[in-house]
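Below are the chains, spelled out letter by letter.
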Amino acid sequence: MSPVAIQPAWVRITHWINALAVVLMVMSGWQVYDASPIFPVLRFHSAITLGGWLGGALLWHFAIMWMLVANFLVYLGLNLASGRLRRKLLPISFKSLASDLVAALRGKLGHEDLAHYNAVQKFAYLVVIVDIVFVILSGLAVWKAVQFPVLRTLMGGYDNARVVHFFAMSVLVAFFVVHVIMVALVPRSLLLMIRGR
């Protein structure tokens, strides 16, 4: 086992804070959604929601959003300042992405060296970073529609901002599910995110 940390402490800490924040935000967000559904046929069972009622869910959602935003800014700032984002996630080419995606779908994508991300991982992490920005901005447009009229307008109005927020959340949930499945398939990656090597 290498004494050098592959995942520095700040990456591991922000990763676990983000995981907790996303789970709590999604569960409380589903309770808020159920109070005024965008798609009437889609409702979330109370067993997977948080807050118990609209007021309780909003309290959870607004409390946890500060943790999500602060943690995301720390994560992104440290990644940019340290050059880690550029080293780990770039470059990425369409050819390497297509090749690795085909290998992943066939179950033949190698995971021997956890210090290096394959093209599918790079793409997924870049997508989720951009997606969290959309979650935050669309959430602001919904929460403070009057205070952020330009943001609300860029989202296509209040109702469209809700739709953007819903779909950005859905991308985040899909990433989370695939991420957990991949950890189950490559359990060494969980140890890496706990102890750093």
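Preceding this section is the structure that the text describes.
Bear in mind the structure is a predicted one, so any value in this text is a computation, not a measurement.

Q: I would appreciate a short explanation of the overall build of the protein in the present structure.
A: In terms of helices and strands, the protein carries eight helices and zero strands. Reading the protein from its N terminus to its C terminus gives the helix and strand order α-α-α-α-α-α-α-α. The globule rule puts the C-alpha radius of gyration for 197 residues at 16 Å, and the 18 Å found for the protein is close to it. Projected onto its principal axes, the C-alpha positions of the protein cover 50 × 35 × 30 Å. Burial status across the protein gives 34% buried among its 197 residues. Contacts in the protein between residues at least 24 apart in sequence constitute 69% of all its contacts with a sequence separation of at least 6.

Q: Just to check I follow, could you spell out the packing of helix α1 (residues 9-35) against helix α8 (residues 188-195) for this structure?
A: Helix-helix packing is characterised by the crossing angle of the two axes and by the distance between the axes. Between α1 and α8, the least distance of the axes is 7 Å, while the angle of their chain directions is 110°. What the angle tells us is that α1 and α8 run roughly perpendicular. Counted together, V11, R12, H15 and W16 of α1 and L190, L192, M193, I194 and R195 of α8 form the full contact between these two elements. For the contact of α1 with α8, a count of residues per class yields six nonpolar, one polar and two charged.

Q: Any chance you could explain a nonpolar patch on the surface here in plain terms?
A: Side chains of V177, V178, I181, M182 and L185 sit close together on the surface and give an oily, nonpolar patch of about 450 Å² of accessible area. Topologically, L185 is positioned in helix α7 (residues 158-185). The exposure class of L185 is exposed, given its relative accessible area of 61%.

Q: What should I look at first to understand the side chain of N71 in this one?
A: By the secondary structure assignment, N71 is in helix α2 (residues 54-82). A polar side-chain atom of N71 sits 2.9 Å from the main-chain carbonyl oxygen of T14. Once residues lying within four places of it in the same chain are set aside, the contact partners of N71 are T14, I17 and N18.

The rules behind the values
Numbering of residues starts from 1 in every chain and runs along the sequence as written. This being a predicted model, a pLDDT of at least 70 is required before a residue's local features are given, and a value of 80 or more before pairs of side-chain atoms are given or counted; all residues contribute to the totals for chains, interfaces and linings. Where side-chain values are given, they derive from all heavy atoms of the structure, hydrogens and water being excluded. Strands are runs of DSSP state E lasting at least two residues, helices are runs of H or I lasting at least four, and both sets are numbered from the N terminus onward. Restricting the calculation to C-alpha atoms gives the radius of gyration, and the globule rule supplies 2.2 Å times the number of residues raised to the power 0.38. Classification of residues uses two cut-offs on accessible area relative to the type maximum, computed with a 1.4 Å probe and protein chains only: under 20% is buried, over 50% is exposed, and between them is partly exposed. By the convention used here, residues are in contact when the closest approach between their heavy atoms is within 4.5 Å. To obtain an axis, a line is fitted to C-alpha atoms, over the contacting stretch when the element is a helix, and the angle between two such axes runs from 0 to 180 degrees between their N-to-C directions. For this classification, under 35 degrees means roughly parallel, over 145 means roughly antiparallel, 65 to 115 means roughly perpendicular, and everything else is oblique. Residue polarity is assigned by list, with Asp, Glu, Lys and Arg as charged and Ala, Val, Leu, Ile, Met, Phe, Trp, Tyr, Cys and Pro as nonpolar; anything else, Gly included, falls into the polar class. Residues enter patches when their relative accessible area tops 30% and they take part in no salt bridge; the joining distance is 9 Å for like charges and 5 Å for the nonpolar side chains Val, Leu, Ile, Met, Phe, Trp and Tyr. To measure how exposed things are, a 1.4 Å probe is used in the Shrake-Rupley method; for residues, cover is taken only from the protein chains shown. By convention in these notes, a salt bridge is any Lys or Arg side-chain nitrogen within 4 Å of a carboxyl oxygen on Asp or Glu. As used in this structure description, the phrase polar contact means that two N or O atoms lie within 3.5 Å; if the pair is within protein, one of them must be able to donate a hydrogen and the other to accept it, and residues adjacent in sequence are counted only when both atoms belong to side chains.

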